[in-house]
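Topology and contacts: notes
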Amino acid sequence: MTAPARPLADLEQDALAAVEQEWERRAHGIKPWTPDEYLDRIARVHARYEQRRQWLRLHDQEAA
């Protein structure tokens, strides 16, 4: 039995949390991200999920 699909918004929040964790991890390393790099990663996550929402709308599926 598979788990029910999680809403897209939840998956997006998980992806943003992963970026936050990577930001924190790299802050203690040799080459931390610059604020621009961090903001770029956040923008990529939002863009990826927006593209998914558009695809789902075109294919008559629910974009949660």
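Residues numbered from 1 in each chain as written. Predicted model: local features only at pLDDT ≥ 70, side-chain atom pairs only at ≥ 80, totals over all residues. Heavy atoms only, no water.

1. Description of helix 1 (residues 8-27)
- Helix length check: helix 1 (20 residues) gives 29 Å between terminal C-alpha atoms against 28 Å at 1.5 Å per residue, within 8%.
- The complete set of buried residues in helix 1 reads Leu8, Glu12, Ala15, Leu16 and Val19. One side of helix 1 carries all its buried residues, which in axial view fall inside an arc of 95°. Exposed and oriented more than 90 degrees from the buried face of helix 1 are Gln21, Glu24 and Arg25. (Helix = DSSP H or I, 4+ residues; strand = E, 2+ residues; numbered from the N terminus. Expected span 1.5 Å × (residues − 1). Buried < 20%, exposed > 50% of the residue type's maximum accessible area, 1.4 Å probe, protein only. Arc of directions from axis to C-beta.)

2. As for the nonpolar core
- If you look at the biggest cluster of nonpolar residues, it comprises 10 residues: Leu8, Ala15, Leu16, Val19, Trp33, Tyr38, Ile42, Val45, Tyr49 and Leu56.
- Among the elements of the structure, helix 1 and helix 2 (35-58) are those that each provide at least two residues to this core.
- Other than its neighbours up to four places away in sequence, Tyr38 contacts Val19, Glu20, Trp23 and Trp33. (Core = buried A, V, L, I, M, F, W, Y, C linked by side-chain atoms within 4.5 Å. Contact = heavy atoms within 4.5 Å.)

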